[in-house]
Amino acid sequence: MMNRKLQTLKYLLADLFSSGLAWAVFYSYRKLNIEHTALEFGDRFVFGVIAVPLFWVTLYLITGTYKNIYRKSRLLELGQTLLISFIGVLIIFFTLLLDDEVASYKQYYKTFLALLSFHFLLTFIPRLFLTTIAAGKIHNRVIGFPTLLVGSNDKAFETFAEMEAAVRSAGNKFIGFVHINGNNGSSLREHLPHLGGTDNILDVIDEHDIEEVILAIETSEHGNIKTILTKLEQRNVRVKITPDMYDILSGSVKMSAIYGTPLIEVSHDIMPVWQLYAKQAIDILVSIFVLVLGSPVFLLTACCVKFTSEGPVFYTHERIGIHGKPFNIVKFRSMRMDAENSGPALSSENDPRVTPFGSFMRKIRLDEIPQFLNVLKGEMSLVGPRPERQYYIDQIVERSPHYVHLQKVKPGITSWGQVKYGYAENVDEMIQRLKYDLIYIENMSLIVDFKIIIYTVLTVLRRRGQ
């Protein structure tokens, strides 16, 4: 049984201890062998032993070291640990060590290399130990990732048989299979539960907590791949496809494990890991900054909402977030209480349901401010496609199935679609705005986020909100 929180805690505690020990060893080595002075454990030493490990753990979090904790490659971790150690030591060197007086500039080189060597070795050895133990459990089928097999013909059976017969497991624990085109898989049914067809694949994934999906599809079924992949993008699962000879000859098959069955992995990474974690850190820091410093404005706004119209200060409603997960969005109420007595309806220019103060809030996007609470909870981001209700998503998907691609990322307080197109007044305008959000997802980066935030601020200053 996998316990990701416990495994992550082991890595984190090992890193804290290793970085603290590395700093203590480096401090002692530097005093005795580089500076040739007496060894004193004063305030500077205590500060280093406390602050330096916290710095390292923060750096590891930003660079995604603790992501996919059970899927680590020991060889890849060797390179990543060395690279991050070099970057971290470089930062420490220029912030804490460069101003120290030295007898010769050569002492700088010795100082840098000593700290890098101690930190890298003392960090990598415990990590290697933890990763080796986890890998052994995976290879020996003690722990495994819940896996769904898509396909029910000969290729699916051959793939299942080959992976199950492997001496060293790749970590796939098959939960069952779903069929394509009505074939219920007579051969597979003797070994795996039949969980339905691809039409209900999302329900199967949710019910069985599936982490990995393997598409073992016959050549005659290749026309279904696009539809299946589009559905799978609504869930946070790894997707792999069994290759045919064309895929092998065209270079699509990338070997990742010596003992594993050759598979094509469909990558869902839309940003480098370090940028993804930096984006999350920026979300949290900016949200705290806005909510704390803007608290007088928020209190005044809440009072104005309360005293200018009947009803609660806040408006909450269910929206659909990343991987199709619902959450309750929070806004300052800008409409009358009976605004949707006749059913869901989008706002429009000069909407009579909007209160006078609500109209002012919308012009400067003041009604959106409570959504920073959603950002702090991890339900939203500063920048991302605007979240919609399931009622409208169902209508959009009927005409534009690729809308589900937006659910690969967290929804945002602002988006490129909103900056370029503005608020949508109907489903047609939602679909037109969709292309901007799709382009954003395909080009996601911190630079693009910063540009969108700048343009959003300009929109607010020019009072172009709706």
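Small disclaimer: the values here were computed from a predicted structure and weren't measured. (Residues numbered from 1 in each chain as written. Predicted model: local features only at pLDDT ≥ 70, side-chain atom pairs only at ≥ 80, totals over all residues. Heavy atoms only, no water.)

Asks: Even after reading the chapter, I still don't get the overall build of the chain, so can you show me in this structure?
Replies: The helix and strand tally for the chain stands at 16 helices and ten strands. Overall size of the chain, expressed as C-alpha extent along the three principal axes, is 80 × 65 × 35 Å. Expressed as a percentage of its 466 residues, the buried residues of the chain come to 46%. Taking the intrachain contacts of the chain between residues at least 6 apart in sequence as the baseline, contacts between residues at least 24 apart amount to 73%. As displayed, the chain offers around 24800 Å² of accessible surface, 61% of which is attributable to carbon and sulfur atoms. Positive and negative charge centroids in the chain, built from 49 and 46 side chains respectively, lie 5 Å apart. (Helix = DSSP H or I, 4+ residues; strand = E, 2+ residues; numbered from the N terminus. Buried < 20%, exposed > 50% of the residue type's maximum accessible area, 1.4 Å probe, protein only. Contact = heavy atoms within 4.5 Å. Areas by Shrake-Rupley, 256 points an atom, 1.4 Å probe, with all protein chains shown as cover. Lys, Arg positive; Asp, Glu negative; His and termini not counted. Charge placed at Lys NZ, Arg CZ, Asp CG, Glu CD.)

Asks: Help me understand the environment of Glu164 in this model?
Replies: Take Glu164: it is sitting in helix H5 (residues 154-165). As a C-alpha pair, Glu164 and Phe174 span ten residues in sequence and 9.0 Å in three-dimensional space.

Asks: Honestly, the environment of Met430 in this entry has me stumped. Any pointers?
Replies: Tracing the sequence through the fold places Met430 in helix H15 (residues 427-442). Looking at Met430, the relative accessible area reads 5%, which means it is buried. Through-space distance from the C-alpha of Met430 to that of Pro344 is 15 Å; in sequence the pair is 86 residues apart. Sequence-distant contacts of Met430, that is, excluding residues within four places in its chain, are made with Leu346, Glu388, Tyr392, Ile396 and Ala424.

Asks: Sorry, what's going on with a nonpolar patch on the surface here?
Replies: Together, Ile284, Ile288, Phe289, Val292, Leu293, Leu373 and Leu376 make up an exposed nonpolar region whose accessible area comes to about 640 Å². Top contributing element to the nonpolar patch by residue count: helix H9 (residues 273-293), with five residues. Among the structural elements, Leu373 can be located in helix H12 (residues 371-376). (Patch = residues over 30% accessible without salt bridge, like charges linked within 9 Å, V, L, I, M, F, W, Y side chains within 5 Å. Salt bridge = Lys/Arg side-chain N within 4 Å of Asp/Glu carboxyl O.)

Asks: What's the story with the pairing of strand E1 (residues 145-150) in this structure? I'm lost.
Replies: The side chains of a regular strand alternate between the sheet's two faces. The buried fraction of E1 amounts to six of the six residues, a majority that puts the element mostly inside the structure. Burial along E1 is two-sided: the face carrying Phe145, Thr147 and Leu149 and the face carrying Pro146, Leu148 and Val150 are both buried. Handedness of the E1-H5-strand E2 (residues 172-179) crossover: right-handed. (Right-handed = clockwise from strand over helix to strand, strands pointing away.)

Asks: What is the right way to read the pattern of salt bridges from this model?
Replies: Pairs may arise between side chains of opposite charge once their charged atoms sit close together. On inspection of all chains with the given rule, the structure shows twelve salt bridges. Measuring nitrogen to oxygen at the nearest pair gives 3.1 Å for the salt bridge that ties Glu212 to Arg71. Of the two residues, Glu212 sits in strand E4 (residues 212-215) while Arg71 sits in the loop between helix H2 (43-62) and helix H3 (74-97), which places them 141 residues apart along the sequence. Three or more residues joined by partner-sharing salt bridges are found here, namely Arg71, Glu212 and Lys240.

Asks: When you look at the confidence of the model for the chain in this model, what are you seeing that I'm missing?
Replies: Caution applies to low-pLDDT regions: their predicted coordinates should not be interpreted in detail. The pLDDT averaged across the chain works out to 85; a share of 90% of its residues lies at or above 70. Contacts for the low-pLDDT stretch residues 245-253, under 50 throughout, to residues beyond four places or in other chains number ten contacts. (pLDDT = per-residue confidence, 0-100.)

Asks: Sorry, what's going on with the packing of aromatic side chains here?
Replies: The geometry of two aromatic rings is summed up by the distance between their centres and the angle between their planes. What the rule picks out here adds up to 17 aromatic pairs. Here Trp23 and Phe26 contribute two aromatic rings whose centre-to-centre distance is 5.4 Å and whose plane-to-plane angle is 50°, an arrangement assigned as tilted. One end of the pair is Trp23 and the other is Phe26, both in helix H1 (residues 4-34) and three residues apart, which spans about a single turn. Taken as a pair, Trp23 and Phe26 share a single burial class, namely buried. Through a chain of ring-to-ring contacts, the aromatic side chains of Phe55, Trp56, Tyr60 and Tyr66 assemble into a single cluster. For Arg127, the ring lying beneath its charged end belongs to Tyr60, and the centroid distance is 4.4 Å. (Phe/Tyr/Trp six-rings, centres within 6.5 Å; stacked < 30°, edge-to-face > 60°. Lys NZ or Arg CZ within 6 Å of the ring centre and 35° of its normal.)

Asks: It is not clear to me how the packing of H9 against helix H10 (residues 295-308) should be interpreted in this structure. Could you clarify?
Replies: Helix packing geometry: the angle between the two helix axes and the distance between the axes. It is the contact of H9 with H10, at a shortest axis distance of 4 Å, that shows an interaxial angle of 60°. In terms of orientation, H9 and H10 fall into the oblique class. On the side of H9, the interface is formed by Val290, Leu291, Val292 and Leu293, while H10 contributes Ser295, Pro296 and Phe298. Of the residues that constitute the contact of H9 with H10, the class distribution is six nonpolar, one polar and no charged. (Axes fitted to C-alpha atoms, helices over the stretch in contact; angles between N-to-C directions. Parallel < 35°, antiparallel > 145°, perpendicular 65-115°, else oblique. Nonpolar A, V, L, I, M, F, W, Y, C, P; charged D, E, K, R; others polar.)

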